[in-house]
Amino acid sequence: MRATRQRLLGLLADGHFHSGQALGAALGVSRGAIWKQVSALGALGVDVFRVPGRGYRLARPLELLDRDRILAGLGNPARKRLAELFLLDSVNSTNTFLRERDHDGVAACIAEHQQAGRGRRGRDWISPFGANLYLSLDWPFASLPPDFAALGLAAGVAARRALVDIGCGNIQLKWPNDIYANGAKLGGILLEMRGEPPGPCRVIAGIGINVAMPEAAARDVDQPWTDLSRLIEAPSRNALAARLLDRWIAAFDAFERDGFAGFRAEWRDADLLAGCEVEVADGRQCLSGRARGVAADGALELETATGLQRVVAGDASLRRAES
Ligand code: BTN
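Residues numbered from 1 in each chain as written. Predicted model: local features only at pLDDT ≥ 70, side-chain atom pairs only at ≥ 80, totals over all residues. Heavy atoms only, no water.

Student: Hey, could you go over the overall build of the protein for me, with residue numbers and the actual values?
Tutor: What the protein contains, in helices and strands, is 10 helices and 14 strands. Computed over the C-alpha atoms, the radius of gyration of the protein is 21 Å, within 12% of the 20 Å expected from 2.2 N^0.38 for a compact globule of 323 residues. Viewed in the frame of its principal axes, the protein has a C-alpha envelope of about 70 × 50 × 35 Å. Within the span of the protein, comprising 323 residues, buried residues form 50% of the whole. A fraction of 63% describes how many contacts in the protein between residues 6 or more apart in sequence connect residues 24 or more apart. For the protein, the exposed area adds up to about 14800 Å²; of that, 48% sits on carbon and sulfur atoms. When the 40 positive and 38 negative side-chain charges of the protein are each reduced to one mean point, those points stand 5 Å apart. (Helix = DSSP H or I, 4+ residues; strand = E, 2+ residues; numbered from the N terminus. Rg over C-alpha atoms; globule rule 2.2 N^0.38 Å. Buried < 20%, exposed > 50% of the residue type's maximum accessible area, 1.4 Å probe, protein only. Contact = heavy atoms within 4.5 Å. Areas by Shrake-Rupley, 256 points an atom, 1.4 Å probe, with all protein chains shown as cover. Lys, Arg positive; Asp, Glu negative; His and termini not counted. Charge placed at Lys NZ, Arg CZ, Asp CG, Glu CD.)

Okay, structure coming up:
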């Protein structure tokens, strides 16, 4: 069934009309079976138009994930470091998939669709099929690096470098782990850990980047958002996946060696809320003050009525204060 769906998507990917009869003949199934598969695609978040007399057409052309293209887009160091790459059609969450398996070395997982994509602070991450990028990296650390709290910030800097690689400049970072463009959220990062510090542990870093968010799926997104199709011409998910993997692997290596030092200046350059009046909540307290950027260990520095305060990432959320 899944193989038929994959082949159907391959035929529809060009964005042109295909009659039910032609699709059925190409796949060796009935027109009714095609209709069922198209309905199943709709449930995954793929917009398919059906026009009587003409057939089926995707709302927009689709670029399916392609292992060869992704691997070909990696530099040698990343290719050598990556022990396993899982490319999945549909999964609960790419983070959960990696977390539940043991790997020898560095593993990555990219999926066309997540049934239960997870964001920070228990939120859902809307993950329609074939529209955006959902990628996770599983990184084994011999022991937890001293700047560990800043790892997500380094991952944000590396993601920004990957976006610049594919022609998307002007990306900003919102502490701790959000990726912004034109004042709206383009992506986010979720870090999870396995193991018992200070012993060996694994970090599972997941990133979601909106590439071409379908209108229907966007109705469930509960904050201002943007996607790459609004920022650059014809973004390619395979090119983005390759650049992201390459940049993340290099960044995790550098972080393991030298900590946050090599990322801090770039993070401060990209800081969306530097100098703004903000409110930070971490579940225990809510602080207001003027954001003064990130410290050497990744903590957010806040100028408050009672002096300079530091907030560590954890589960904190930050927003611009209402004026
Ligand atoms: C956030 O901004 O709240 C973080 C979003 C992280 C989403 C990514 S998509 C790939 C990986 N798998 C998940 O379930 N979540 C992360």
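Student: How would you explain unusual backbone geometry if you had to name every residue and give the values?
Tutor: In this structure, proline 176 follows tryptophan 175 across a cis peptide bond, with omega equal to 0 degrees. Structurally, proline 176 is set in the loop between strand E6 (172–174) and strand E7 (178–181). The phi dihedral of asparagine 170 is positive, around 60 degrees, even though this residue is not glycine. By secondary structure assignment, the location of asparagine 170 is in the loop between helix H7 (151–165) and E6. The backbone phi angle of alanine 234 is positive, close to 40 degrees, even though this residue is not glycine. For alanine 234, a relative accessible area of 68% puts it in the exposed group.

Student: Tell me about the site of the ligand, and name the residues and values.
Tutor: Residues in close proximity to the ligand total 20 residues, the closest being Ser93, Gln114, Arg118, Arg120 and Lys185. Between an oxygen atom of the ligand and a side-chain N or O atom of serine 93, the distance comes to 2.8 Å. At a separation of 3.2 Å, a nitrogen atom of the ligand approaches a polar side-chain atom of threonine 94. Protein coverage of the free-state accessible area of the ligand, which is 420 Å², stands at 98%. When contributions to the shell around the ligand are tallied by element, the ones reaching two or more residues are helix H6 (94–99), strand E5 (133–141), strand E8 (184–195) and strand E9 (201–209). With 4 residues, E8 is the single largest residue contributor to the shell around the ligand. Grouping the amino acids of the shell around the ligand by side-chain chemistry returns 6 nonpolar, 10 polar and 4 charged. (Near = heavy atom within 4 Å. Polar contact = N/O pair within 3.5 Å; in protein donor to acceptor, adjacent residues only side chain to side chain. Nonpolar A, V, L, I, M, F, W, Y, C, P; charged D, E, K, R; others polar.)

Student: Lay out the pairing of E7 with the relevant residues and their values.
Tutor: Side chains of E7 alternate between two faces, with Asp178 and Tyr180 and Ile179 and Ala181 buried alike. Here E6 pairs with E7 via 3 bridges, running antiparallel. By the bridge assignment for E7, lysine 174 is matched with aspartate 178. A loop of 3 residues connects E6 with E7, the two strands running antiparallel in sequence. (Pairing = 2+ DSSP bridges.)

Student: How would you explain helix H10 (residues 261–270) if you had to name every residue and give the values?
Tutor: What sets the pattern is the α-helix's 3.6 residues per turn: residues three or four places apart point alike. All of the buried residues along H10 are Phe263, Trp267 and Ala270. An end-on view of H10 places all buried positions within 60 degrees of arc, on one side of the element. When the buried face of H10 is taken as reference, the exposed residues oriented beyond 90 degrees from it are Ala261, Ala265 and Asp269. Buried-residue contacts for H10 involve H7, E6, helix H9 (237–258) and strand E11 (286–294). (Arc of directions from axis to C-beta.)

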